[in-house]
Amino acid sequence: PLHIQAAAIEAIRDGHTRYTAVSGINELKDAIVDTVQKDYGLTYRRDNVLVSCGGKHALYNLFQTLLDPDDEVIIPAPFWVSYPDMVELTGAKSVEVPTREIDGFKLRPEQLEKVLTPKTRMLILNSPSNPTGAHYRRDELDALAETILRHNLTVLSDDIYYRILFDGQEWVNMAMLGERLKERTFIANGVSKSYCMTGWRIGYLVGDAAVLSAASKIQSQSTSNPCSIAQWASVAALNGPQEDVEKMVQIFQERCSYVLKRLAEIPGVTCYKPNGAFYVFPNFSCTFGKSVDGRVIKGSLDLADYLMEKANVAVVPGSAFGEDSCLRFSYAISMEELTEGFDRISRAIAALK
Ligand SMILES: Cc1ncc(COP(=O)(O)O)c(C=O)c1O
């Protein structure tokens, strides 16, 4: 959006080009506190906020701060590709728990109970999800809450797609289910997805002040503050008009319907209808075992390679997200590109015998 660009240019002209406080400028922390108050109905203070160099950096800092070797972290699959690697970099173990398409790719309490051990430290929830677009409803979170409290788990709620929700669904996360859950939940978020600012690298954590103070020390010895200019641009993004976000959500929803229609036309392919974000995660296992020119498609990686070579379309194999039956498509591209892409995909899939 133009007003965000203007704020960045103004920041340069005004000389906001020096180091800032490691954990972020107060103006941005206040904008984050206000946004969370407005959108979540939750009250935090400046010292509950740590601004980092992107959502990814926020997550990385939290894992480095909280996790010890041999801790176990529960990651419902399909999951965003970076979680297991980031967790394992700390020496902790990632415990991947497959969820089912018929459950909307959402973790059920009995599945959570089954994998708990005395070493379980954290549960990661990403809603709406990359790659499935699934969003946990209030009753589904409620069902998990009792186990979380009983086992004293920390929750990482990765809310990076929270503004991109379809059909007027309620925005809700674990921290919003009461004070005891708020105390044990860390919110990870950022401006990348909501404001088309992926390259600006501003993300943030909201949660317990003592933990975030420790995380800030880690950040201090790695990156120091996030880019000062991008921080001022993010103040404008959060405090400024939000109409562009609403328009963007509307456009994503239209594209999502189109993508689902095109996928339904491919024989044998099924797809969970996303509740938000800008991805679909269709099941393409009907193509596995088929071949073309002596080349057999054995799984999602083979299929993604084939579509790249034959159709010149980039999709991500489901295996990267812990579910080999599927492919992940992003529809954060124009309708023209989507139409052309699906024409090519349909032809390439039809060629498999
Ligand atoms: C689920 C999820 N979390 C976090 C991130 C990181 O976002 P950022 O670009 O702000 O680092 C992404 C980016 O793709 C994501 O999909």
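Throughout, a residue's number is its position along its own chain's written sequence, starting from 1. For this predicted model, a pLDDT threshold of at least 70 governs which residues receive local features, and a threshold of 80 or more governs which side-chain atom pairs are given and counted, while totals over whole chains, interfaces and linings are taken from all residues. Water and hydrogen atoms were dropped before computing side-chain values, which therefore reflect all heavy atoms in the structure.

Caption draft 1: How the structure looks around the packing of helix H1 (residues 2–13) against helix H9 (residues 228–239). Axis definition: a line fit to C-alpha positions, over the contact stretch in the case of helices; interaxial angles, taken between N-to-C directions, run 0 to 180 degrees. Each helix is a run of DSSP H or I of at least 4 residues and each strand a run of E of at least 2, with the numbering of both proceeding from the N terminus. At a minimum axis separation of 8 Å, H1 and H9 run at an interaxial angle of 140 degrees. Classified by the angle between their axes, H1 and H9 sit oblique to one another. Viewed along their axes, H1 and H9 form a crossing whose handedness is right-handed. Note on element contacts: H9 touches H1 through Ile 229, Trp 232, Ala 233, Ala 236 and Ala 237, opposite His 3, Ile 4, Ala 7, Ala 8, Ala 11 and Ile 12. Looking at the contact of H1 with H9, its residues break down into 10 nonpolar, one polar and no charged. For classification, angles of less than 35 degrees are called roughly parallel, those exceeding 145 degrees roughly antiparallel, those between 65 and 115 degrees roughly perpendicular, and all remaining angles oblique. Definitions for this section: a left-handed crossing has its near helix turned counterclockwise from the far helix by less than a right angle. A right-handed crossing has that turn clockwise. Contact between two residues is taken to exist if any of their heavy atoms lie within 4.5 Å; hydrogens are not considered. When residue character is reported, Ala, Val, Leu, Ile, Met, Phe, Trp, Tyr, Cys and Pro are called nonpolar, Asp, Glu, Lys and Arg charged, and the others, Gly included, polar.

Caption draft 2: Structural view of empty space enclosed by the protein. Grid points spaced at 1 Å over the protein atoms alone were grouped into cavities, where a 1.4 Å probe fits but cannot get out, and pockets, open sets with protein on both sides within 12 Å along at least five of seven lines, with lining residues defined by an atom within 4 Å of a point. Grid points are joined across faces, edges and corners, and a volume is the space filled by probe spheres set on the points. According to the stated counting rule, one finds three cavities of 30 Å³ or more in the structure shown. Space inside the largest cavity adds up to approximately 140 Å³. Lining the largest cavity are 18 residues, and of these Pro 76, Pro 78, Asn 126, Ser 129 and Tyr 136 lie nearest its centre. Elements with a minimum of two residues in the lining of the largest cavity: strand S2 (72–77) and strand S4 (120–126). There is about 60 Å³ of room inside the second largest cavity. What lines the second largest cavity is simply Leu 125, Asn 126, Ser 127, His 135, Tyr 136, Leu 141, Ser 157, Asp 159, Trp 171, Val 172, Asn 173 and Met 174. Tallied by class, the residues present in the lining of the second largest cavity amount to six nonpolar, five polar and one charged.

Caption draft 3: Structural context of the domain arrangement of the protein chain. Domain start and end points were adopted from an automatic or database domain assignment. Along its sequence, the protein chain is carved into domain 1 (20–240) and domain 2 (244–350). Computed from C-alpha atoms alone, the centre-to-centre distance between domain 1 and domain 2 is 27 Å. When the two sides are added together, the surface that domain 1 and domain 2 hide from each other amounts to roughly 2200 Å², 62% of it contributed by carbon and sulfur. By convention in these notes, a salt bridge is any Lys or Arg side-chain nitrogen within 4 Å of a carboxyl oxygen on Asp or Glu. The interface formed by domain 1 and domain 2 includes one salt bridge. Buried area adds together the accessible area that both of two parts lose upon being put together, with accessible area traced by a 1.4 Å probe.

Caption draft 4: Expanded view of the pairing of strand S7 (residues 203–206). Neither face of S7 is exposed, since Gly 203 and Leu 205 on one face and Tyr 204 and Val 206 on the opposite face are all buried. In this analysis, strands are considered paired if DSSP registers two or more bridges between them. Across four bridges, strand S1 (residues 49–52) lies against S7 in antiparallel orientation. Across the sheet, Val 49 pairs through a bridge with Val 206, a residue of S7. Two strands pair when backbone bridges link them, and strand S6 (residues 185–190) and S7 are joined in this way by four bridges, in the antiparallel orientation. Relative accessibility decides the category of a residue: with a 1.4 Å probe and only protein chains considered, values under 20% of the type maximum give buried, values over 50% give exposed, and everything between is partly exposed.

Caption draft 5: The site of the ligand, seen in detail. With respect to spatial proximity, 13 residues lie near the ligand, and among them Gly 55, Asp 158, Tyr 161, Ser 192 and Lys 193 are the closest. In protein, a polar contact means a hydrogen-donor-capable atom and an acceptor-capable atom, both N or O and within 3.5 Å, with residues adjacent in sequence counting only if both atoms are side-chain atoms; elsewhere, any N or O pair within 3.5 Å suffices. For the ligand, an oxygen atom lies 2.7 Å from a polar atom in the side chain of Tyr 161. Between the ligand and Lys 193 there is a distance of 2.7 Å, counted from an oxygen atom to a side-chain nitrogen or oxygen. Surface exposure here means Shrake-Rupley accessible area, sampled with a 1.4 Å probe, where a residue is shielded only by the protein chains that are shown. Taking 400 Å² as the accessible area of the ligand by itself, protein coverage stands at 91%. Classifying every residue of the shell around the ligand by side-chain character gives four nonpolar, five polar and four charged. The cutoff for a nearby residue is simple: one of its non-hydrogen atoms must lie within 4 Å of the molecule or strand.

Caption draft 6: Structural detail: the sheet that holds S1. What the seven strands build is an open sheet, ordered S1-S7-S6-S5-S4-S2-S3; its pairing is mixed. Every interior strand has two partners, whereas the edge strands, S1 and strand S3 (93–98), have only one. Direction aside, neighbouring strands of the sheet carry axes that sit 20 degrees apart on average. Looking at chain direction, strand S5 (residues 154–158) and S6 are connected through four bridges and run parallel. Its bridge partner being in S6, Val 155 is matched across the sheet by Thr 185.

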